[in-house]
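Analysis of the macromolecular model
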Amino acid sequence: MKFQCYTLGCKVNQYETQAMEQQLLALGHVSGTDADDCDAYLINTCTVTAVADRKNRTLIRRLRREHPQAVIGVCGCYAQVSAGEVEALGVDVVSGSGGREAFVQLVLDAVRQKKAGQNAGQQVLLDDAMRRRAFESLPAGSLGTRTRAMLKVQDGCCNFCTYCIIPYARGPVRSLPLAQAVGQARALDADRLAVFRLQDGKIPLEPVDAVPHGYFVHFLMAAKLLISSTASPVFFFNDTATT
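Just so we're clear, the structure is a prediction, and the values are computed from it rather than from any experiment. (Residues numbered from 1 in each chain as written. Predicted model: local features only at pLDDT ≥ 70, side-chain atom pairs only at ≥ 80, totals over all residues. Heavy atoms only, no water.)

1. A word on the pairing of strand β1 (residues 2–7)
Rules: A pair of strands is treated as paired once DSSP finds two or more bridges between them. To qualify as a helix, a DSSP run of H or I must reach at least 4 residues; to qualify as a strand, a run of E must reach at least 2; elements of each kind are numbered from the N terminus. Handedness rule for crossovers: strands pointing away from the viewer, path from the first strand over the helix to the second running clockwise, crossover right-handed.
The sheet contact formed by β1 and strand β2 (residues 30–31) spans two bridges and is parallel. Across the sheet, the residue bridging to Phe-3 is Ser-31, located in β2. In this fold, the crossover linking β1 to β2 by way of helix α1 (residues 11–26) has right-handed handedness.

2. Notes on the pattern of salt bridges
This is how it is decided: Basic side-chain nitrogens of Lys or Arg form a salt bridge, by our definition, when they fall within 4 Å of a carboxyl oxygen of Asp or Glu. For each residue, the accessible area found with a 1.4 Å probe, counting protein chains only, is set against the maximum for its type, and the residue is called buried under 20%, exposed over 50%, and partly exposed in between.
Per the counting criterion, the structure on display carries 15 salt bridges. Its salt-bridge partner being Arg-170, residue Glu-16 comes within 2.9 Å of it at the nearest N-O pair. You can see Glu-16 sitting in helix α1 and its partner Arg-170 sitting in helix α6 (residues 166–170), a full 154 residues away along the chain. Note on Arg-170: relative accessible area 4%, which makes it buried.

3. Comments concerning the sheet that holds β1
Put simply, the rule is: Residue contacts are defined here by distance: any two heavy atoms, one from each residue, within 4.5 Å place the two residues in contact. Axes here mean lines fitted to C-alpha atoms, for a helix over just the part in contact, with angles spanning 0 to 180 degrees between N-to-C directions.
Ordered in space as β2-β1-β3-β4-β5-β6, the six strands form an open sheet in which the pairing is parallel. Of all the strands in the sheet, the pair left with one neighbour each is β2 and β6 (123–125). As paired strands, strand β3 (residues 40–45) and strand β4 (residues 71–76) are joined by six bridges and run parallel to one another. Along β4, the bridge assignment pairs Leu-42 with Gly-73. Against the sheet, α1 makes contact with β1, β2, β3 and β4, and its axis sits at roughly 170° relative to β1, the strand it touches most.

4. Some points on the nonpolar core
The criterion, for reference: The nonpolar core is taken to be a set of buried Ala, Val, Leu, Ile, Met, Phe, Trp, Tyr and Cys residues, with the residues joined through side-chain atoms within 4.5 Å.
Judged by nonpolar contacts, the single largest core of 20 residues is most densely connected at Tyr-41, Ile-43, Leu-63, Ile-72, Val-74, Val-86 and Val-91. Of all the secondary-structure elements, those providing two or more residues to this core are β3, α2 (50–66), β4, α3 (77–81) and α4 (83–87). What Ile-43 contacts, discounting residues up to four positions off in sequence, is Tyr-6, Leu-8, Leu-59, Ile-60, Leu-63, Ile-72, Gly-73, Val-74 and Cys-75. Leu-42, Cys-75, Val-93 and Phe-103 belong to the second largest nonpolar core, which has 15 residues in total.

5. Description of the pairing of β4
Within β4, six of the six residues are buried, which leaves the element mostly enclosed by the surrounding structure. Of the two faces of β4, both are covered, the one formed by Val-71, Gly-73 and Cys-75 as well as the one formed by Ile-72, Val-74 and Gly-76. In terms of strand pairing, β4 meets strand β5 (residues 93–95) through two bridges, oriented parallel. Bridge pairing links Val-74 to Val-94 in β5.

6. A word on α2
Note the threshold: Multiplying one less than the number of residues by 1.5 Å gives the expected span of a helix.
Here α2 is 17 residues long and its end C-alpha atoms lie 24 Å apart, about the 24 Å a rise of 1.5 Å per residue gives. In the core, the buried residues of α2 are packed alongside β1, β3, β4 and α3.

7. Examining the side chain of Arg-174
Our working definition: Under the rule applied, a polar contact is a pair of N or O atoms within 3.5 Å (in protein, one hydrogen donor and one hydrogen acceptor; residues adjacent in sequence only if both atoms are side-chain atoms).
Following the sequence through the fold, Arg-174 ends up in strand β9 (residues 174–175). There is a polar contact of 2.6 Å between the side chain of Arg-174 and the backbone oxygen of Arg-170.

8. A word on the environment of Ala-185
Structurally, Ala-185 can be placed in helix α7 (residues 178–190). Residue class for Ala-185 comes out buried when judged on its relative accessible area of 0%. When the C-alpha atoms of Ala-185 and Ala-140 are compared, they prove to be 8.1 Å apart, with 45 residues separating the residues in sequence.

Below is the structure:
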């Protein structure tokens, strides 16, 4: 199968897209380009502004129009909070901001069924983001041929700022366990990726009971361990980007 991924929004989305790319490539599938007529298109969406929502819809409509026989799968924050709008655009698979491996599997199933002449209908995979308690561990790495790898150590937000939709799109704060973060960082370093980015969704500055000393201290502990465990430069991003 030939596929192409599109990412809108922040570097956290880029991290999650590269993880889906890794999953597909590991299964023997081929990444296409804009010049190719691919079997599947995976779109990872953003919803931090009305402009971001419009960009999502524009891209989805364009790909549906230009590739009517392809499977279109849409995931990410826009799909999480506005699933009905995404479904109305005629895509084949709708998922949210979690369950990326299951989303990829639904896309693969849809491609197989379409090639077999079967109509599986629209597949929707959504959870309640506010009930998430576990961190979704995905493989760290880089997009395409980029030399900067990404490693996400936190997701979600508990601040509920008046203007911000992130807590509703990504749920409460969860962290990658320190041992796993260090292990993934060392693997990136061994792969000779010269620089990697330490990602989090939004660091709360107040202590949170779920992790001793709060998530801000947890983030600093992770940073200290990663710097001491690798030879590569480390960049830190508190990444709630506008689009």
